[in-house]
Structure formats: C-alpha cells, structure tokens
Amino acid sequence: MTSAKSAQQEKSLPHQEQHPSSGGRRAAGEDPVKREQILEGAKRVFMRSNFDAASMNDITREAGVSKGTLYVYFENKEDLFEALIARERNRIVSSIKQSLSDIEPIEEALHDFAVTLVTSITSDYTIRAMRTVLGVIDRMPRLAQRFFTATPENGYTVLKAYLEQQVTAGTLLIDDTELAAKQFIELSMAGLFKGRLFGMCDALPAGQIEKNVASAIRVFMAAYGPRDAR
C-alpha cells in the first residue's frame, strides 16, 4: 500500500504526470489536457495584459499549475505565445478548409471561405495577437517571423489549392493562382482589417462582412470566371 507521504511525493514529481484516463504516467510535457490548461490560462492573461506586462507568474496562477509544471511544457513567455498563435492558426485553417467544398457552386464556396476567414482574422483575440507582434517586432523579430511562417498552411495556401482544383476542372480561368488567392482575400477584407487593427472600429457586424464578401466575389468572378459568364 502506498503511504500518504509517497503519494504526495509522486504528485510533486515535475517530470512525470498522472494520466487520469489510463492510470499511468505521461512523459514530461506530453499531457495534452495539461498543455491545453496552461494555454487557456496564458490566453486569458495575454488578453488582459499586453505581452510585456504579462509574466510567467501570472500565467501559473491563472492556469492553476506550479511554475515547475509550466516550464516543463514551455521554455518561456515567447514560447507560450507562439504556441497560442499556432493553435489559433490551426483552428482557423481547419475551419476554412471545411468551408471550401467542391460540391458547392464556386460562389457559395468562396462565400463560406471568406466569411469564415474575415470573421476569424478580425476577431478580438486575433487582432490583439497581431498588435502584440507589431509591438515587439523590432526587438523580437523571430516572434514576428514565427507569426507568419510557423505552419505551411494558411488562408492563402488553402485558397490557392482550391483555385488550382477549379482551374483544372475548367470552372475558373486563372494564370497565377497564388496572386488570385491573395487578391480575393484582400478584396474580402478591404476596409475592415486595418480599421480593426488600428482601433478605428469595434467588432464588425455580420452584415458588414457579408457585404464585403459579396462584393469581393462579384469582382473576383468577373476577372476569373468562365468567359461566357463575364
């Protein structure tokens, strides 16, 4: 029988973690539930404070973990912030990939993609993250680089792949799908993104995003749609 003292020592070990579902232990830093708990705590801290004001002590308190546990999962505040950005980017990419259905007419697929992307990019959390990166870019260029290049997939690459499928199918006429993807995304966010980034407007009404996207689709299809539809 394990003594109370032994049980307490086992719980305090920084490099082994209890895994409640299996009764065993995970290697240090590999429990996804604990990692998510820390990230959620860090997210709340970063949303309340700017990057410089937030501290690892604040994050340990908010996440409800020990400092030893925190450092098993994340090396420093920059590492934590990068992980949060990667998580949010993966969530956005997953959503927009689902919106680009080959079954739907092109206009409907582009609509679902653009509304999902613009809503995500102009959300409070994403805008705050971008402001944070811009605020430290001169002294922390690596953080800015990671923000834009951390994963191979993003809104542009996902849309580019879809456009290439449509070109192959003959439903769109595009010479440069990379440029066309960037053009469509910029059209969809025209006048909205910078206004949010620089604090000129609060959360965008859904109707405003819909209006932008509808206009972007008309312009895009006029340029790249089948010739008999122009």
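Criteria and thresholds
Residues numbered from 1 in each chain as written. Predicted model: local features only at pLDDT ≥ 70, side-chain atom pairs only at ≥ 80, totals over all residues. Heavy atoms only, no water. Phe/Tyr/Trp six-rings, centres within 6.5 Å; stacked < 30°, edge-to-face > 60°. Helix = DSSP H or I, 4+ residues; strand = E, 2+ residues; numbered from the N terminus. Buried < 20%, exposed > 50% of the residue type's maximum accessible area, 1.4 Å probe, protein only. Lys NZ or Arg CZ within 6 Å of the ring centre and 35° of its normal. pLDDT = per-residue confidence, 0-100. Contact = heavy atoms within 4.5 Å. Axes fitted to C-alpha atoms, helices over the stretch in contact; angles between N-to-C directions. Parallel < 35°, antiparallel > 145°, perpendicular 65-115°, else oblique. Nonpolar A, V, L, I, M, F, W, Y, C, P; charged D, E, K, R; others polar.

1. Some words on the packing of aromatic side chains
All told, the structure shown has 6 aromatic pairs when counted by the stated rule. Ring centres 5.6 Å apart and planes at 75° place the aromatic pair F51 and F81 in the edge-to-face group. With F51 in the loop between helix 2 (32-48) and helix 3 (56-63) and F81 in helix 5 (residues 77-99), this residue pair connects regions lying 30 residues apart in the sequence. By relative accessible area, which is 4% here, F51 ends up buried. Feature note: the residues F113, F184, F220 and Y224 constitute an aromatic cluster, connected by ring pairs. If you follow K43 out to its NZ or CZ, it ends over the ring of Y125, 4.6 Å from the centre. Stacked on the ring of F51, the Lys or Arg K77 has its end atom at 4.6 Å from the ring centre.

2. With respect to the side chain of S120
Relative to the elements of secondary structure, S120 occurs in helix 6 (residues 106-121). When its relative accessible area of 8% is taken as the criterion, S120 is described as buried.

3. What to know about the confidence of the model for the protein
Looking at the protein, pLDDT values average 82 and 83% of them are 70 or higher. In the model, residues 1-24 has pLDDT below 50 throughout and makes 27 contacts with residues more than four positions away in sequence or in other chains.

4. So, the packing of helix 2 against helix 5
Following both chains from N to C, one finds helix 2 and helix 5 inclined at 100°, their axes separated by 10 Å at the closest point. Looking at the two axes, helix 2 sits roughly perpendicular to helix 5. Residues R35, E36, I38, L39, E40, A42, K43 and F46 of helix 2 form the contact with helix 5, whose participating residues are K77, L80, F81, A83, L84 and R87. Its residues placed into classes, the contact of helix 2 with helix 5 shows 8 nonpolar, no polar and 6 charged.

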